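The primary structure of each chain is shown beneath.
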Amino acid sequence: MAAGPLLLLLLLLLGAAGPGAAAAAAAGPGPGLGPGAALREELLLRPLPAGDVAAAFQFRTRWDADLRRGAVSHYRLFPKALGQLVAAQGVRELHLALTQGFWRTRSWGQPPLGAPAGAELWVWFQDTVPDVDKAWKELSNILSGIFCASLNFIDSTNTVTPTASFKPLGLANGTDHRLLRYAVLPREVVCTENLTPWKKLLPCGSKAGLAVLLKAERLFHSSYHSQAVHIRPICRDASCLAVSWELRQTLTVVFDSFTSGQGKKDWSLFKMFSRTLTDACPLASESKVYVDISPKNEEKEFLEVTPTPTSVHEAVVQGDKRTYAVYDLLSPSLFNSSRSLNVQLKWKRPQDSQELSTPVLHAQRYVSGYGLQTGEISTLVHNTHPYRAFPVVLLETVPWYLRLYVHTLTVITKGKENKPSYIHYQPAQDRKRPHLLEMLIQLPANSVTKITIQFERALLKWTEYTPDPNHGFYVSPSVLSALVPSVVAMKDVDVEESPLFASLFPSSDGSSYFVRLYTEPLLVNLPTPDFSMPYNVICLTCTVVAVCYGSFYNLLTRTFHVEEPSRGGLAKRLANIIQNLERVCNLQSLPVMRRAGVKNEGH
């Protein structure tokens, strides 16, 4: 009887020592996690050119398991809710972002990971999914419950299928765009109820590691807040014979240093988050804090960071050479002198005269026109590179109630027509699907390209208006995808060895890097009826009905009797008058007779 458990234990030991153990060891699992699971956490602190401070958190969970077959029953670090969702709905890649605010590219530079204002969801499904639209609807409803967001409002009226803009970021066997779905909800408001379930997906929650800094009161008291979840399959090793699944949770927040620092640009972890770091997540194999200390000019560095960093790391990020002070929370020497880590950055001398560096690629979008019948959408795309031209893919998603005039589409660069080399347009259907416009445009060096298209506003049914119709209707932002030329030559680096903020979009060659930008969402006014009129109509209608109904009811229910006129001559009338007078006289004489009778009885 005892041979059964011993045999089972022997099989488990042999399985743990098999080929999967070597791959798990290469992935670097945390202590006590067993094979096939690894967690890396990272915080990037970067002073922005305008004086603000950007903090980018990344938590990367890697799992050596095949979720597509749905045979996984035991979860270690990977959240079970997301793992079962990927297996049940046939998801190949999932990208969800919830953003409050707008990233100011011209003032802050290129974002670490771009996201539009509101909620963004785009998913690649597996080719084994029979009905992609049904799986997309079920997936959005499940994610709405997991993250306490209004993703259940995603339907066919705001869902599109791009053909060139969103390619798989992970391991992909094919790029059939019919398996892709993309939707944006610009009106979505991000608050604490969205942050709490996001933190619960972390292996250590918010109890240890870098997640202790995620205090909602401080995160939402900022100029920009964006949290995202990215799930994708990746190669397990260099030979790519096996597939692993990667969950990357990112959170980017921008603090106004003048507000939090009483008018000073000096900052620290405690000033921004009201907390300090005491230890690393015990389940993490890597826990680091990166501080961007790149010199702002060629003469002298402005920044001074304390305490002394564990090491210094140099890398080429977004086409620019950067220098980072690295604090390794797993290093025993980091917490020898102090129980907590409070990174502080001070400016050696004022930098008020510093000029803002303009990004190579940035864009803006606006609505022009007058009245409530027609208008025009304009998009300005800037290429500030002095001598390099490069193409950009522009994605426009316009609701159905703005009827586009495609023949008015114009692309002007330096006063001349710039004909796109690729155009994909899908017209909208009323109350069924939005407009989809994709273009591949060549941007000349040091140029501004203006894309305009005219539209006509449609009349909605009175039940289709929002509770605040005079506020306006939001239009999803434009999406720009491009390979931007790099100023500094980039080298191929190992994804596992490089920082997380530089490995989501690895460079295919050393001359360019991938950038995805989002413009501002538009706010368009539609012809809005006077919603006070129903109240007036109801009052008037009730009054008219009451008067008319009351009169008709009175006429229909009242009984009328016809009194015939009395017959007789003048003599009969006089006799009737005399009789009436006699009656009156008798009534008046009755009290006198009664008083006389009382007196006689007294005598």
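Each chain carries its own residue numbering, running from 1 in the written order of its sequence. Per-residue local features of the predicted model are confined to residues with pLDDT of at least 70, and side-chain atom pairs are confined, for both listing and counting, to 80 or more; whole-chain, interface and lining totals are unaffected and use all residues. Based on all heavy atoms of the structure, the side-chain values leave hydrogens and waters out of the count.

The protein chain carries the name Phosphatidylinositol glycan anchor biosynthesis class T in an unreviewed UniProt entry, which gives Anser brachyrhynchus as its organism.

Looking only at helices and strands, the protein chain has eleven helices and 26 strands in total. Burial classes: relative accessible area under 20% of the type maximum marks a residue as buried, over 50% as exposed, and values in between as partly exposed (1.4 Å probe, protein chains only). Across the 603 residues in the protein chain, those meeting the buried criterion constitute 44%. Throughout, a contact is declared for two residues whenever any of their heavy atoms are within 4.5 Å. Here the contacts in the protein chain between residues at least 6 apart in sequence split such that 76% fall between residues at least 24 apart. Per the convention used, a helix needs a DSSP run of H or I reaching at least four residues, while a strand needs a run of E reaching at least two, with both numbered from the N terminus.

The subject of this paragraph is the sheet that holds strand β25 (residues 512-518). Taken together, the five strands give an open sheet; going across it, the order is β20-β21-β17-β24-β25, and neighbouring strands pair in antiparallel fashion. Two strands in the sheet have a free side with no partner beyond their single neighbour: β20 (422-426) and β25. Here the average twist between neighbouring strands, direction ignored, is 15°. Strand pairing is defined by DSSP finding a minimum of two bridges between the two strands. As paired strands, strand β24 (residues 479-485) and β25 are joined by seven bridges and run antiparallel to one another. Each residue of the ladder has a partner; that of Leu 483, found in β25, is Phe 514. Fitting a line to C-alpha atoms yields each axis, with helices limited to the stretch in contact; the angle taken between N-to-C directions then spans 0 to 180 degrees.

For the rest of this paragraph, the subject is the nonpolar core. Only buried Ala, Val, Leu, Ile, Met, Phe, Trp, Tyr and Cys residues count toward a nonpolar core, and they belong to the same one when joined by side-chain atoms within 4.5 Å. Core analysis: the biggest nonpolar cluster contains 84 residues, and Phe 57 and Val 291 have the highest contact counts within it. Setting aside residues up to four positions removed in sequence, Val 291 forms contacts with Leu 45, Trp 267, Val 305, Thr 323, Tyr 324, Ala 325, Tyr 327, Val 343 and Leu 345. In terms of nonpolar packing, the next biggest core, distinct from the first, is built from 18 residues, Val 381, Val 392, Leu 443 and Val 515 among them.

So, about the sheet that holds strand β18 (residues 402-413). Read across the open sheet, the five strands follow the order β15-β16-β22-β18-β19; overall the sheet is antiparallel. Unpaired on one side and paired on the other, β15 (361-368) and β19 (416-417) mark the two borders of the sheet. When strand β16 (residues 374-383) meets strand β22 (residues 447-457), the two strands line up antiparallel, connected through ten bridges. Across the sheet, His 382 pairs through a bridge with Val 448, a residue of β22.

Moving on, we get to unusual backbone geometry. The linkage connecting Thr 306 with the following residue, Pro 307, adopts the cis geometry, with an omega of -5°. Mapped onto the fold, Pro 307 is located in the loop between β11 (303-306) and β12 (311-317). Of note, the phi angle at Ser 274 is positive, near 60°, even though the residue is not glycine. Mapped onto the fold, Ser 274 is located in the loop between α9 (269-273) and β10 (286-292). A relative accessible area of 29% places Ser 274 in the partly exposed class.

Pairs of cysteine sulfur atoms within 2.5 Å are identified as disulfides in what follows. Tallied over the entire structure, the rule returns one disulfide. Left without a disulfide partner, Cys 148 is nearest to the cysteine sulfur of Cys 191, which lies 8.8 Å away.

A word on the side chain of Ser 268. Summarising the element assignment, Ser 268 is placed in strand β9 (residues 267-268). Not counting residues within four places of it along the chain, the set of residues in contact with Ser 268 comprises Asn 342, Val 343 and Gln 344.

Attention now goes to the pairing of strand β3 (residues 91-100). The buried fraction of β3 is high, at nine of ten residues. Note that β3 and strand β7 (residues 224-235) share seven bridges and pair antiparallel. Following the sheet pairing, Ala 97 is matched in β7 by Ala 228.

A word on the pattern of salt bridges. One speaks of a salt bridge when a side-chain nitrogen belonging to Lys or Arg is within 4 Å of a carboxyl oxygen belonging to Asp or Glu. What the rule picks out here adds up to 13 salt bridges. Note that Arg 62 and Asp 64 form a salt bridge whose closest N and O atoms lie 3.7 Å from each other. One salt bridge in this structure joins Asp 468 and Arg 187, with 3.6 Å as the shortest N-O distance. Within this pair, whereas Asp 468 is found in the loop between β22 and β23 (473-475), its partner Arg 187 is found in the loop between β6 (180-185) and α6 (192-200), the two being separated by 281 residues in sequence. When its relative accessible area of 40% is taken as the criterion, Arg 187 is described as partly exposed. Taken together, the salt bridges that share partners define one network made up of Arg 60, Arg 232, Glu 246 and Arg 248.

A few words now on the packing of helix α3 (residues 80-89) against helix α5 (residues 132-147). Relative to each other, α3 and α5 sit at 170°, their axes nearing to 11 Å. In terms of orientation, α3 and α5 fall into the roughly antiparallel class. Taking contact as the criterion, the partners of Ala 81, Leu 82, Leu 85 and Gln 89 in α3 are, on α5, Ala 135, Glu 138, Leu 139, Ile 142, Leu 143 and Ile 146. By the convention adopted, Pro, Cys, Tyr, Trp, Phe, Met, Ile, Leu, Val and Ala count as nonpolar, Lys, Arg, Asp and Glu as charged, and the other residues, Gly among them, as polar. Tallied by class, residues from the contact of α3 with α5 come to eight nonpolar, one polar and one charged. Any angle that falls under 35 degrees is termed roughly parallel, while one over 145 is termed roughly antiparallel, one within 65 to 115 roughly perpendicular, and all others oblique.

What follows is about the side chain of Gln 110. Along the chain, Gln 110 turns up in the loop between α4 (105-108) and β4 (118-125). A polar side-chain atom of Gln 110 sits 3.1 Å from the main-chain carbonyl oxygen of Leu 361. Pairs of N or O atoms within 3.5 Å make up the polar contacts considered here, provided that, within protein, one atom can donate a hydrogen while the other can accept it, and that residues adjacent in sequence are counted only when both atoms are side-chain atoms.

Centres within 6.5 Å make a pair out of two Phe, Tyr or Trp rings, where for Trp the six-membered ring is used; the pair is then stacked when the planes are under 30 degrees apart, edge-to-face when over 60, and tilted otherwise. In this structure the tally under the stated criterion is 17 aromatic pairs. Taken together, a centroid distance of 5.7 Å and an interplanar angle of 80° make the contact between Phe 57 and Phe 273 edge-to-face. Placement of Phe 57 in strand β2 (residues 53-63) and of Phe 273 in helix α9 is noted, with a sequence separation of 216 residues between them. Residues Phe 57 and Phe 273 agree in their burial class; the two are buried. Ring-pair connections join several aromatic residues into one group, and the members of that group are Phe 57, Phe 59, Trp 198, Phe 255 and Phe 273.

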